[in-house]
Amino acid sequence: IVIGSGFSGLAAAIDATDAGAKVIILEKMPTHGGNSIINGGQMAAWNSKVRQQRPDLEPDSAELMYQDMMKAGHNLNWPDLVKTVVNGAPDAVNWLIGLGVVFPPKLIIQAGGHSRARTHQTENISGSDIIAVLYKNTQQRKVPLLLNTTVTGIVREQPLSGRVLGVMTATKGKKSMYYRATRAVILASGGFSRDE
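Everything numeric here is computed off the predicted structure, so don't read it as measured data. (Residues numbered from 1 in each chain as written. Predicted model: local features only at pLDDT ≥ 70, side-chain atom pairs only at ≥ 80, totals over all residues. Heavy atoms only, no water.)

Draft legend 1. Spatial organisation of the overall build of the protein chain. Across its full length, the protein chain carries four helices and nine strands. Reading the protein chain from its N end, one meets helices and strands in the order β-α-β-β-α-α-β-α-β-β-β-β-β. The principal-axis extents of the C-alpha atoms in the protein chain amount to approximately 60 × 35 × 30 Å. Counting all 196 residues of the protein chain, 38% fall into the buried class. (Helix = DSSP H or I, 4+ residues; strand = E, 2+ residues; numbered from the N terminus. Buried < 20%, exposed > 50% of the residue type's maximum accessible area, 1.4 Å probe, protein only.)

Structural data, given as structure tokens:
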């Protein structure tokens, strides 16, 4: 079960399906894409197939991107998570390209907080360019996406602990539904800053 249909939710659904899992995506909004669909369509990576087409750009490295991210976060970031983002960025951009997302080489820019031009942008500089490709890929894989389906609770073996068994949902005008997870529940429903 994947909760949320933005960048990370759709990517997780594609990856899990390709690994052999049977996947369903639950989305609280009436359309797919979440906040990702209205973002700037930008992704930073110190290397990629596209960046290699720009010999005019200054050399970049994982270490430089790591230092930039730590500085931008006033060194309050979790270093291990920053390393995960930095080390995975090239593969993530290349994976999106492989699915069909277009990052024109001419639109690689030096965004705020970065010491190098490493921010890849889509043609329309819109997250909708990425969401459209991810959504198309989930549809090609026949991954069901239920809209207007709000997850209202996580069901566990014990009320506040133990293995996650599934989720409870609420849909306007319908009774609460329970979905059983045989492998995992992936929370891709937004940033921690909205956590009450």
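Draft legend 2. Spatial organisation of the sheet that holds strand β5 (residues 145–146). Read across the open sheet, the four strands follow the order β5-β2-β1-β9; overall the sheet is parallel. One side of each edge strand has no neighbouring strand; the edge strands of this open sheet are β5 and β9 (186–187). The pairing of strand β1 (residues 2–3) with strand β2 (residues 25–26) spans two bridges and is classified as parallel. Paired with I3 across the bridge in β2 is L26. (Pairing = 2+ DSSP bridges.)

Draft legend 3. Structural context of the pattern of salt bridges. As enumerated under the stated definition, the model contains seven salt bridges in all. Of the charged contacts in the structure, one is a salt bridge between R54 and D56, with a shortest N-O distance of 2.8 Å. Here D56 falls in the exposed class, since its relative accessible area comes to 55%. A salt bridge links E58 to R116; the shortest N-O distance between them is 3.9 Å. Of the two residues, E58 is situated in the loop between β3 (42–44) and α2 (62–72) and R116 in the loop between α3 (79–99) and β4 (119–121); the sequence distance between them amounts to 58 residues. Residue classification places R116 among the buried residues on the basis of a relative accessible area of 19%. When salt bridges that share partners are traced, they join D60, D68 and R118 into one network. (Salt bridge = Lys/Arg side-chain N within 4 Å of Asp/Glu carboxyl O.)

Draft legend 4. Layout of helix α4 (residues 127–140). Over its 14 residues, α4 extends 20 Å from the first C-alpha to the last, a length consistent with the 20 Å expected when each residue adds 1.5 Å. All of the buried residues along α4 are G127, D129, I130, I131, V133, L134, N137 and T138. Following α4 by one or two positions, K142 has its phi on the positive side, about 60 degrees. (Expected span 1.5 Å × (residues − 1).)

Draft legend 5. Local environment of the nonpolar core. Formed by 31 residues in total, the largest nonpolar core has its most connected members in V23, I25, F103 and L134. When contributions to this core are tallied by element, the ones reaching two or more residues are α1 (7–18), α2, α3 and α4. Ranked by the residues each element gives to this core, the list is headed by α3, at six residues. The residues contacting V23, other than those within four sequence positions of it, are V2, A13, A16, T17, V143 and P144. (Core = buried A, V, L, I, M, F, W, Y, C linked by side-chain atoms within 4.5 Å. Contact = heavy atoms within 4.5 Å.)

The analysis is restricted to geometry; functional conclusions fall outside its scope.
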